[in-house]
Amino acid sequence: MEEIVNIEDIKVNAALPKEARTRQFVEEIRNPYRFLVDDVIVNVVFTESSDTLQERLQQYFQLVMV
């Protein structure tokens, strides 16, 4: 089973060039589409939609506030 890394434990060397910092982050996080923030599992998913994040959040909160 895959170990999920807490993003708050990632320490990236700010003195490195941008490409090296990106590589270091990906190596440490292991899976940039699935990680922890505190005790919350975050799953990043992309869809083919023209909706913005703001529009999607507004739709979500309209549904749950009913």
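Enquirer: For this particular structure, what's the right way to read the pattern of salt bridges?
Expert: In a structure, side chains of opposite charge can pair up when their charged atoms sit close to one another. For the structure on display, the rule yields three salt bridges. With a closest N to O distance of 3.0 Å, Arg56 and Asp51 form a salt bridge. Taking relative accessible area as the criterion, Arg56 reaches 39% and is therefore assigned partly exposed. Judged by relative accessible area, which is 32%, Asp51 ranks as partly exposed.

Enquirer: Is there a simple way to think about unusual backbone geometry in this case?
Expert: In most cases, non-glycine residues show a negative phi, while peptide bonds are predominantly trans. Unlike most non-glycine residues, Arg30 shows phi in positive territory, near 70°. Relative to the elements of secondary structure, Arg30 occurs in the loop between helix H1 (18-29) and strand E1 (34-37). Given a relative accessible area of 52%, Arg30 falls into the exposed group. In this structure, Asp38 takes a positive phi of about 55° despite not being glycine. When you line up the elements, Asp38 lands in the loop between E1 and strand E2 (40-43).

Enquirer: Looking at this model, I keep getting lost on the environment of Phe35. Mind explaining?
Expert: By the element assignment, Phe35 lies in strand E1. Considered as a pair, Phe35 and Glu55 are 20 residues apart in the sequence and their alpha carbons are 24 Å apart. Beyond its immediate chain neighbours, meaning those up to four positions away, Phe35 contacts Ile4, Val5, Ile7, Ile29, Val40, Ile41, Val42 and Val44.

Enquirer: Can you help me understand a nonpolar patch on the surface in this one?
Expert: A contiguous nonpolar patch, built from Leu53, Leu57, Tyr60, Phe61, Leu63, Val64 and Met65 and spanning about 800 Å² of accessible area, is present on the exposed surface. Locating Tyr60 in the fold gives a position in helix H2 (residues 53-64). For Tyr60, a relative accessible area of 46% corresponds to the partly exposed category.

Calculation rules
- Residues numbered from 1 in each chain as written.
- Predicted model: local features only at pLDDT ≥ 70, side-chain atom pairs only at ≥ 80, totals over all residues.
- Heavy atoms only, no water.
- Salt bridge = Lys/Arg side-chain N within 4 Å of Asp/Glu carboxyl O.
- Buried < 20%, exposed > 50% of the residue type's maximum accessible area, 1.4 Å probe, protein only.
- Helix = DSSP H or I, 4+ residues; strand = E, 2+ residues; numbered from the N terminus.
- Contact = heavy atoms within 4.5 Å.
- Patch = residues over 30% accessible without salt bridge, like charges linked within 9 Å, V, L, I, M, F, W, Y side chains within 5 Å.
- Areas by Shrake-Rupley, 256 points an atom, 1.4 Å probe, with all protein chains shown as cover.

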